[in-house]
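Fold and geometry: a report
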Amino acid sequence: MNTTNPIGLFDSGVGGTSIWKEINALLPNENTLYLADSKNAPYGSKSAEEIIKLSRKNTEKLLEENCKIIVVACNTATTNAIEILRQQYSVPFIGIEPAIKPAALLTETKSIGILATKGTLSSALFHKTAETFTKDISIVEIVGEGLVPLIEKGKWESHETKVLLQQYLTPMLDANIDHLVLGCSHYPYLIPTLKKLLPSHIKIIDSGEAVARQTKTVLKAHGLLNNTTQNPRLQFFTNGNITVMEKLLPSLKAIEISEMDF
Ligand code: DGL
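Residues numbered from 1 in each chain as written. Predicted model: local features only at pLDDT ≥ 70, side-chain atom pairs only at ≥ 80, totals over all residues. Heavy atoms only, no water.

Let's talk about the site of the ligand
Rule in force here: We call a residue near a molecule or strand when any one of its heavy atoms sits within 4 Å of it. Identification of polar contacts relies on pairs of N or O atoms within 3.5 Å, with a donor-acceptor requirement for protein atoms, meaning one able to donate a hydrogen and the other able to accept it, and with residues adjacent in sequence counted only if both atoms are side-chain atoms. Working definition of accessibility: Shrake-Rupley area with a 1.4 Å probe, residue cover restricted to the visible protein chains. Three residue categories are used. Nonpolar comprises Ala, Val, Leu, Ile, Met, Phe, Trp, Tyr, Cys and Pro, charged comprises Asp, Glu, Lys and Arg, and polar comprises the others, including Gly.
Taken together, 13 residues form the shell around the ligand, and within it S12, Y43, G44, T76 and S185 come nearest. Backbone polar atom of N75 to an oxygen atom of the ligand: 2.8 Å apart, as the coordinates give it. One of the side-chain N or O atoms of T76 is found 2.6 Å from an oxygen atom in the ligand. Taking 290 Å² as the accessible area of the ligand by itself, protein coverage stands at 99%. Taken together, the residues of the shell around the ligand break down into five nonpolar, seven polar and one charged.

A short note on the sheet that holds strand β3 (residues 69-72)
Rules: Paired strands, in this sense, are two strands between which DSSP finds at least two bridges. A helix here means a DSSP run of H or I that spans at least four residues, while a strand means a run of E at least two residues long, and both kinds are numbered starting from the N terminus.
As summarised here, the arrangement of the six strands in space is β4-β3-β1-β2-β9-β10, forming an open sheet in which the pairing is parallel. A single partner strand is all that each edge strand has here, and the edge strands are β4 (93-94) and β10 (255-259). Pairing geometry for strand β9 (residues 234-238) and β10, over five bridges, is parallel. Pairing of T238 across the sheet is with E259, part of β10.

Some details on the side chain of T161
Keep this limit in mind: Every residue pair with non-hydrogen atoms within 4.5 Å of one another is taken to be in contact.
When you line up the elements, T161 lands in helix α8 (residues 159-174). Here T161 is in contact with L147, L150, K155, W156 and L190, once residues within four sequence places are set aside.

Points about the packing of aromatic side chains
What counts is decided by this rule: Only the six-membered ring of Trp is used, alongside the rings of Phe and Tyr, when aromatic pairs are assigned; centres must lie within 6.5 Å, and planes under 30 degrees apart are stacked while those over 60 apart are edge-to-face, with the rest tilted. Exposure categories follow from relative accessible area, calculated using a 1.4 Å probe and restricted to protein chains: below 20% of the type maximum is buried, above 50% is exposed, and the middle band is partly exposed.
This structure, assessed with the given rule, holds four aromatic pairs. Taken together, a centroid distance of 5.0 Å and an interplanar angle of 75 degrees make the contact between W20 and F236 edge-to-face. Linking W20 in helix α1 (residues 17-26) with F236 in strand β9, this pair joins segments that are 216 residues apart in sequence. For the pair W20 and F236, one class covers both residues: buried. Arranged with centres 5.6 Å apart and planes meeting at 40 degrees, the rings of Y34 and F236 form a pair that is tilted. Separated by 202 residues along the polypeptide, Y34 in strand β2 (residues 32-36) and F236 in strand β9 bring together distant segments of the chain. Comparing Y34 with F236, the two get one shared label, buried. The structure contains a cluster of three or more aromatic residues connected by ring pairs, namely W20, Y34 and F236.

Details of the nonpolar core
For the record, the criterion: Residues grouped as a nonpolar core are buried Ala, Val, Leu, Ile, Met, Phe, Trp, Tyr and Cys residues, joined through side-chain atoms within 4.5 Å.
One finds V71, L115, L180 and Y187 to be the most contacted residues of the largest nonpolar core, which totals 52 residues. It is α8 that contributes the most residues to this core, five residues altogether. For V71, the residues in contact, after removing those within four places along its chain, are I7, G8, L9, F10, I19, I23, I94, V211 and T215. Listed in part, the 19 residues of the second largest apolar core include L33, C67, L85 and V91.

Some remarks on the pattern of salt bridges
To keep things clear, this is the line we draw: Basic side-chain nitrogens of Lys or Arg form a salt bridge, by our definition, when they fall within 4 Å of a carboxyl oxygen of Asp or Glu.
A full pass over the atoms with the stated rule returns eight salt bridges. Note that K61 and E64 form a salt bridge whose closest N and O atoms lie 3.3 Å from each other. Here E64 and K61 lie together in helix α2 (residues 48-64), a separation of three residues that amounts to about one turn. A salt bridge links K61 to E65; the nearest nitrogen and oxygen atoms lie 3.7 Å apart. Beyond isolated ion pairs, a larger network of salt bridges with shared partners links K61, E64 and E65.

Side note on the sheet that holds strand β8 (residues 203-205)
The cut-off we apply is this: Working convention: axes come from line fits to C-alpha atoms, limited for helices to the stretch in contact. Angles between N-to-C directions cover 0 to 180 degrees.
Spatially, the four strands line up as an open sheet ordered β6-β5-β7-β8, and their pairing is parallel. For this open sheet the edge positions go to β6 (138-143) and β8, each flanked by a neighbour on one side alone. In this sheet, adjacent strand axes meet at a mean angle of 20 degrees when their direction is disregarded. As judged from the six bridges shared by strand β5 (residues 111-116) and β6, these two strands associate in the parallel manner. Looking across to β6, one finds that S111 is bridged to S138. Running at roughly 165 degrees to β6, α8 makes contact with β5, β6 and β7 (179-183) of the sheet.

Re the state of the cysteines
Condition: Disulfides are defined as pairs of cysteine sulfur atoms found within 2.5 Å of each other.
Inspection of every chain in the model, using the stated rule, returns zero disulfides. Free cysteine C67: the closest other cysteine sulfur is in C74, separated by 17 Å. Between C74, a cysteine without a disulfide, and C184, which holds the nearest cysteine sulfur, the sulfur-to-sulfur distance is 6.7 Å. Taking the relative accessible area as the measure of exposure, C74 reaches 3% and is therefore buried.

Here we look at the pairing of β7
Two faces, one strand: in a regular strand the side chains alternate between the faces of the sheet. Among the five residues of β7, five are classified as buried, and the element is accordingly described as predominantly covered. Here β7 shows a buried face lined by H179, V181 and G183 and a second buried face lined by L180 and L182. Sheet topology places β7 next to β8; three bridges connect them, and they run parallel. For H179, the partnering residue across the bridge sits in β8 and is K203.

Interpretation in functional terms is not warranted from these geometric data alone.
This is the structure:
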């Protein structure tokens, strides 16, 4: 495998660009190729079988493009499919899971909230992690029903989104949480609205930076870090709406966004 081959990323849509931003900031020399499977969003309400099928389809597309590592930039796909992907394909995989561990270690009220999709919260992998780290802590799990479709439509700051968030935060505030874990890669785009709705002592935690650090560690361990200083190629493919993708990405010259059916 060549070190200049791209890092591949996929998500059920535009959300994983929040992870891509962290990876690009930490590893600015790397070529990247991002697949937004917006046509099939949301994954969160699909069965584990469907999520596995879609994750395989995305992985195979990224492998066709010679990706040297695959970042599953979706909590729902990670928690339902990453073990199967690792068994089936020889390329290294990086996943994203809700950051329960740091929240559980830092909480003073012994109460944390987690906002994620139904697919993530009902997965065996999520339950295993939650059981390990939250033994003496109460955890308020809320399904962010409807949030991913709104973000996919570019409505992350709309009144509709604010109303839903208010509804989802109420039981968490009643339970006196002091940390809110964002368990979906779309949700970092809700942070400005969340900050307006939450008291300032509640900390919002997402997993983007940790995923970028883990990507660097694994690339290094495999001798796959790209140390050339050439300008990287930053490719984005969406089978959905290109305009929403454009709004979320920085206006860098190197960024190429195209529509593609996959
Ligand atoms: N970005 C996906 C995640 O992290 C959203 C899942 C969905 O499409 O429902 O879980």
